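Descriptive analysis of the structure
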Amino acid sequence: MSSLREQIDLQHLPRHIAIIMDGNGRWAKEKGQDRLYGHFHGVESVRNIVEGCAELGVEYLTLYAFSTENWDRPQQEVTGLMELLVETIRKETETLNKNNIKLHVIGDMNMLPDYAQKALSESLEITARNTGLTLIMALSYSSRWELVQAVKHIAEDVAAGKVDPANITQDTLQGYLTTGGFPDPELMIRTSGEYRISNFLLYQLAYAELYFTNVRWPDFRKENLYEAILDYQGRERRFGKTGDQVKQEQETVINH
Ligand code: IPE
Ligand code: IPE
Ligand code: MG
């Protein structure tokens, strides 16, 4: 039996994978520890999955690390998460660079404490010229926040005469989203047995294949990622067409 990794068809990888990293708190609680212990161990999963994606040749990886709604968690947890974020960024930037990984951040950066903004902008600068995997961290991010921002900016540009409302298309809107330059994720993974989107990339996930696993984020490793990719590769993506049409199109591609 070949390994899971060997079964992956590298010609048909998702270009962009998005992950809702969930279950740190429950993982810790199950071990009789406090929630921050779970977040701390979640960092090891981030490291492992970033490496796994880079090795396979995935082009974009978006990780939902902190939502707009997460600001409402107990102050101690929020502070702990911010400190962990900064510590991780500082420690990992060199590895990102070594592996040619470019960091990108989406979300309301102004909400982050100054020391976190500083660490992030340093890391963004240091990795800016890398050409391998683009690692997109969603921090203080929510999709509704993003859509409101986009609408505001479009309205401003209309008022300034830069945009004609008659010419607004899906591409225009896409360009105003924080993910403007990136393709939509083809695969969205959520760990820890919750079956919801929690305000993540609502527009961009329109045709993503959704994959849910009961594995808690701190236990999620490359093998789990390979399972998700294999599951994705077994699916038929129809985009509104019939299965017969899709098969016909595939045959046409193969015959040319
Ligand atoms: C995900 O794990 C990490 C963040 C949201 C920051 P949780 O902290 O949501 O863990 P659970 O869902 O409470 O187990
Ligand atoms: C979503 O997880 C946000 C992140 C993983 C950063 P939550 O744990 O906050 O989502 P809900 O509250 O269960 O929907
Ligand atoms: Mg959760």
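Structure first, text after, so check above.
Some points on the overall build of the protein
Scanning the protein from N- to C-terminus turns up nine helices and six strands. When the 256 residues of the protein are sorted by exposure, 45% land in the buried category. Put simply, 77% of the contacts in the protein that link residues at least 6 apart link residues at least 24 apart. Between the mean site of the 27 positive side-chain charges and the mean site of the 37 negative ones, the protein shows a separation of 3 Å.

Quick look at the pairing of strand β4 (residues 134-141)
Of all eight residues in β4, eight are buried, a share of seventy percent or more. Inspection of the sheet shows strand β3 (residues 102-106) paired to β4 by five bridges, in the parallel sense. Residue pairing in the sheet places Leu-103 in a bridge with Leu-135 of β4. Of the crossover connections in this fold, the one passing from β3 over helix α5 (residues 114-127) to the parallel β4 is left-handed.

Remarks on the pairing of strand β6 (residues 209-212)
Of the two faces of β6, the one lined by Glu-209 and Tyr-211 is fully buried and the one lined by Leu-210 and Phe-212 carries no buried residue. Pairing analysis gives four bridges linking strand β5 (residues 187-190) to β6, with the strands arranged parallel. Residue pairing across strands places Met-188 opposite Leu-210, the latter belonging to β6.

Observations regarding the site of ligand 2
Near ligand 2 the following residues occur: Ile-20, Met-21, Asp-22, Tyr-64, Ala-65, Phe-66, Ser-67, Asn-70, Arg-73, Arg-190, Arg-196 and Ser-198. Separating an oxygen atom of ligand 2 from a side-chain N or O atom of Asn-70 is a distance of 2.9 Å. Note that an oxygen atom of ligand 2 is positioned 2.8 Å from one of the side-chain N or O atoms of Arg-196. With respect to the pocket detection grid, ligand 2 is positioned in the largest pocket. Per-element tally for the shell around ligand 2: the top contributor is strand β2 (residues 60-67), with four residues. Of the residues assigned to the shell around ligand 2, the class counts are five nonpolar, three polar and four charged.

Re the sheet that holds β2
For sheets, the rule is that strands pair by backbone hydrogen bonds, running either parallel or antiparallel. With parallel pairing, the six strands of this open sheet are ordered in space as β3-β4-β2-β1-β5-β6. Here the strands that pair on one side only, and so sit at the sheet edges, are β3 and β6. Sheet twist, expressed as the mean angle between neighbouring strand axes with direction ignored, is 20 degrees. In this fold helix α3 (residues 35-56) packs onto β1 (16-20), β2 and β4, with an angle of close to 160 degrees to the strand it touches most, β2.

What counts, and where the lines are drawn
- Residues numbered from 1 in each chain as written.
- Chains lettered and ligands numbered in written order.
- Predicted model: local features only at pLDDT ≥ 70, side-chain atom pairs only at ≥ 80, totals over all residues.
- Heavy atoms only, no water.
- Helix = DSSP H or I, 4+ residues; strand = E, 2+ residues; numbered from the N terminus.
- Buried < 20%, exposed > 50% of the residue type's maximum accessible area, 1.4 Å probe, protein only.
- Contact = heavy atoms within 4.5 Å.
- Lys, Arg positive; Asp, Glu negative; His and termini not counted.
- Charge placed at Lys NZ, Arg CZ, Asp CG, Glu CD.
- Pairing = 2+ DSSP bridges.
- Right-handed = clockwise from strand over helix to strand, strands pointing away.
- Near = heavy atom within 4 Å.
- Polar contact = N/O pair within 3.5 Å; in protein donor to acceptor, adjacent residues only side chain to side chain.
- 1 Å grid on protein atoms, 1.4 Å probe; cavity = no way out; pocket = protein on both sides within 12 Å on 5 of 7 lines; lining within 4 Å.
- Sits in = over half its atoms within 2 Å of the grid points.
- Nonpolar A, V, L, I, M, F, W, Y, C, P; charged D, E, K, R; others polar.
- Axes fitted to C-alpha atoms, helices over the stretch in contact; angles between N-to-C directions.

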